[in-house]
Amino acid sequence: MKLTSSKREVGAVFFPFFYNDFKADTNHLTNEEKWIYMSLLIRMYREGGFVKDLNRLSLTENISIQDYLTVIDKMEVQHDEEKGYHQKRTTQVLMDLKLHQEVSSKGGTKSSEVRRAKSDKSQDDFKRFWNVYPKKVKKPVAEKSWMKQNPDIDKVLKSLSLLKNSDEWTKDDGKYIPHPSTWLNQRRWEDEVVGKKVNSTYANLK
């Protein structure tokens, strides 16, 4: 019995290997038969759970068909007329892996859609802010500040509705209205507006 391969196919195969189960299941096999069984499992994983062409596997692994049939009989490997040789557990593992990949893929797609939706909302909110803010300068910088702070648009609009009549913003034709990026970076929508006065840590900053 030769166990060296001369025409081994190129390509890595990744699959879960349950060592304790394999050890228990193959305890009655010789070391050579264990390797034969392992090569059969690897081919099952490579081909989606079934080994249809035993002749091809024999040539690839340089193991006789009879040796494979002996191991197949000892391990009670099942045979389907159309699909080929298969093992119930291997088939189930592959089904579980496929399901996991589909769930992960959908989860990733969903996460991507959520991030895109949030980004779209932030851009729409900024447009609403920009349309209302009285000093329209350095729009790209202001938009960057908006995305960074990600404020609540309703709170921002409420604050602006109060500030537009405040002494600070109406004095000298709005000379002291801060640049929009400054207003955002300093979170000025959180300022307390009492009457026409603005109570803020940043009230005197321009």
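Residues numbered from 1 in each chain as written. Predicted model: local features only at pLDDT ≥ 70, side-chain atom pairs only at ≥ 80, totals over all residues. Heavy atoms only, no water.

Caption draft 1: View of unusual backbone geometry. Unusually for a residue other than glycine, glutamate 76 sits at a positive phi of about 55 degrees. The backbone of asparagine 150 shows a phi angle near 45 degrees, a positive value even though the residue is not glycine. Among the structural elements, asparagine 150 can be located in the loop between α6 (139-149) and α7 (153-163). (Helix = DSSP H or I, 4+ residues; strand = E, 2+ residues; numbered from the N terminus.)

Caption draft 2: Up close: the side chain of serine 159. Structurally, serine 159 can be placed in helix α7. Setting aside residues no more than four positions away along its own chain, serine 159 makes contact with Trp183, Arg188 and Trp189. (Contact = heavy atoms within 4.5 Å.)

Caption draft 3: Representation of the environment of glutamate 32 within the structure. Locating glutamate 32 in the fold gives a position in helix α2 (residues 31-46). A relative accessible area of 37% means that glutamate 32 is categorised as partly exposed. Sequence separation between glutamate 32 and aspartate 67 is 35 residues, and the spatial gap between their C-alpha atoms is 9.6 Å. (Buried < 20%, exposed > 50% of the residue type's maximum accessible area, 1.4 Å probe, protein only.)

Caption draft 4: Summary view of the environment of aspartate 152. Here aspartate 152 is to be found in the loop between α6 and α7. With 27 residues separating them in the primary sequence, aspartate 152 and aspartate 125 have C-alpha atoms 8.6 Å apart. Among the polar contacts made by the side chain of aspartate 152, one reaches the main-chain amide nitrogen of aspartate 154 at a distance of 2.9 Å. (Polar contact = N/O pair within 3.5 Å; in protein donor to acceptor, adjacent residues only side chain to side chain.)

Caption draft 5: Structural view of the pattern of salt bridges. Counted under the stated rule, the structure contains 6 salt bridges. Salt-bridge contacts for glutamate 47 lead to arginine 43; the nearest nitrogen and oxygen are separated by 3.2 Å. Among the salt bridges present, the one from glutamate 168 reaches arginine 188, with a minimum N-O distance of 3.3 Å. With glutamate 168 in helix α8 (residues 167-170) and arginine 188 in the loop between α9 (180-185) and β3 (192-194), this pair connects stretches of sequence that are 20 residues apart. (Salt bridge = Lys/Arg side-chain N within 4 Å of Asp/Glu carboxyl O.)

Caption draft 6: Here's a closer look at the confidence of the model for the chain. Averaged over all residues, the pLDDT of the chain equals 80, while 76% of them reach at least 70. Ignoring residues within four places in sequence, the model shows residues 2-8, a span with pLDDT below 50, making 18 contacts including any to other chains. Below a pLDDT of 50 lies the segment residues 201-206, which in the model reaches 8 contacts outside its immediate sequence neighbourhood of four places, other chains included. (pLDDT = per-residue confidence, 0-100.)

Caption draft 7: Quick look at the nonpolar core. Grouped together as the largest cluster of nonpolar side chains are 18 residues, with contacts concentrated most on Tyr37, Leu40, Val51, Leu54, Tyr68 and Val77. At the level of elements, α2, α3 (54-61) and α4 (65-74) are the ones that each hand at least two residues to this core. The element contributing the most residues to this core is α2, with 6 residues. Non-local contacts of tyrosine 37, meaning those with residues more than four positions away in its chain, are made with Phe22, Thr26, Leu29, Val71, Met75, Val77 and Gln87. By size, the runner-up hydrophobic cluster in this structure holds 16 residues, among which are Tyr133, Val156, Leu160 and Trp183. (Core = buried A, V, L, I, M, F, W, Y, C linked by side-chain atoms within 4.5 Å.)

Caption draft 8: Representation of the packing of α3 against α4 in the model. The geometry of α3 relative to α4 is characterised by a closest axis approach of 9 Å and an angle of 115 degrees between their N-to-C directions. Considering their axes alone, α3 and α4 lie roughly perpendicular with respect to each other. Judged by the twist between their axes, the crossing of α3 over α4 is right-handed. Where α3 approaches α4, its residues Leu54, Asn55, Leu57, Ser58 and Glu61 are matched on the opposing element by Ile65, Tyr68, Leu69 and Ile72. (Axes fitted to C-alpha atoms, helices over the stretch in contact; angles between N-to-C directions. Parallel < 35°, antiparallel > 145°, perpendicular 65-115°, else oblique. Left-handed = near helix turned anticlockwise from the far one by under 90°.)

Caption draft 9: Inspection of the environment of serine 58 at higher detail. The topology assignment puts serine 58 in helix α3. For the pair formed by serine 58 and tyrosine 68, sequence separation is 10 residues and the distance between their alpha carbons is 7.9 Å. Not counting the four nearest positions on each side in its chain, serine 58 is found in contact with Ile63, Ser64, Ile65 and Tyr68. Within polar-contact distance, the side chain of serine 58 engages the backbone oxygen of isoleucine 63 at 2.4 Å.

Caption draft 10: Expanded view of the packing of aromatic side chains. Overall, the coordinates contain 11 aromatic pairs when judged by the stated rule. Where tyrosine 133 meets tryptophan 169, the ring centres are 5.5 Å apart and the plane angle is 75 degrees; that geometry is what we call edge-to-face. Of the two residues, tyrosine 133 is situated in the loop between α5 (88-132) and α6 and tryptophan 169 in helix α8; the sequence distance between them amounts to 36 residues. Taking relative accessible area as the criterion, tryptophan 169 reaches 4% and is therefore assigned buried. (Phe/Tyr/Trp six-rings, centres within 6.5 Å; stacked < 30°, edge-to-face > 60°.)

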